Amino acid sequence: MRELTRRNDHPAIQTFWTLIHPAYYRSRPPWCAAFVYFCLRSAGLRPPVKTPALAAAWYRKSLTVWTYNPHGNQRRGAEPPKASLVLYQFKTAGGYRIGHVGLLADQRRKATDDFMVLEGNTSAAGAVELTERDREGNGVYLKRRSPRSIYAIVDWIPISMP
């Protein structure tokens, strides 16, 4: 799916927002989190997130199954399962904050491999490291992401079952 004019204007984006609040679509905000919410709801899940329109709202320390640490990756148990949420941080004037979210598309074969992540509102650029351009993209893409570019991976599936 690709935006028509790079203004968050594809008809599918309006569908994503309809599950959260149709009025949000009028201002054409970034829609990565709306895409994630739409995917989970389409799979029959009901994630208990209060503000699904915000990427940062999807972070829960108690649901974290993987985090990046410059001194070594930290995992809790096995590799993160498919459909876990992948969260990214960006530097802002006030420090770092979570500003983008995607869905883990597949498990890695080795702990040193990159992650494959399905992301909405990102770009087609082949960068393994997340850039500011990826944050305000033009469509849905399957991205190969370096573990260094990921802030955390959280598993909402167990608490989202109907």
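The structure under discussion appears in the preceding block.
These notes cover the structure that comes with them. (Residues numbered from 1 in each chain as written. Predicted model: local features only at pLDDT ≥ 70, side-chain atom pairs only at ≥ 80, totals over all residues. Heavy atoms only, no water.)

1. Here's the deal with the overall build of the protein chain
Next up, step 1: For the protein chain, the helix and strand inventory stands at four helices and seven strands.
Next up, step 2: Ordered by position from the N terminus, the helices and strands of the protein chain form the series α-α-β-β-β-β-β-α-β-β-α.
Next up, step 3: Looking at the 162 residues of the protein chain, the share that counts as buried comes to 47%. (Helix = DSSP H or I, 4+ residues; strand = E, 2+ residues; numbered from the N terminus. Buried < 20%, exposed > 50% of the residue type's maximum accessible area, 1.4 Å probe, protein only.)

2. A few points about the environment of F115
Next up, step 1: Inspection of the secondary structure puts F115 in strand 5 (residues 115-122).
Next up, step 2: As a C-alpha pair, F115 and P147 span 32 residues in sequence and 6.8 Å in three-dimensional space.
Next up, step 3: Setting aside residues no more than four positions away along its own chain, F115 makes contact with W66, E79, P80, L104, R108, K143, R144, R145, P147, I150 and I153. (Contact = heavy atoms within 4.5 Å.)

3. Quick notes on the pattern of salt bridges
Next up, step 1: A full pass over the atoms with the stated rule returns four salt bridges.
Next up, step 2: A salt bridge links D106 to K82, with the nearest nitrogen and oxygen atoms 3.9 Å apart. Pair noted here: D106 is in strand 4 (residues 95-106) and K82 is in the loop between strand 2 (74-75) and strand 3 (85-92), with a separation of 24 residues, a long-range link.
Next up, step 3: With relative accessibility at 36%, the residue D106 sits in the partly exposed group.
Next up, step 4: Across the pair R145 and E119 runs a salt bridge, and its minimum N-O distance is 2.9 Å. One end of the pair, R145, is in strand 6 (residues 139-145); the other, E119, is in strand 5, with 26 residues separating them in the sequence. Of the two residues examined, R145 and E119, each falls in the buried class. (Salt bridge = Lys/Arg side-chain N within 4 Å of Asp/Glu carboxyl O.)

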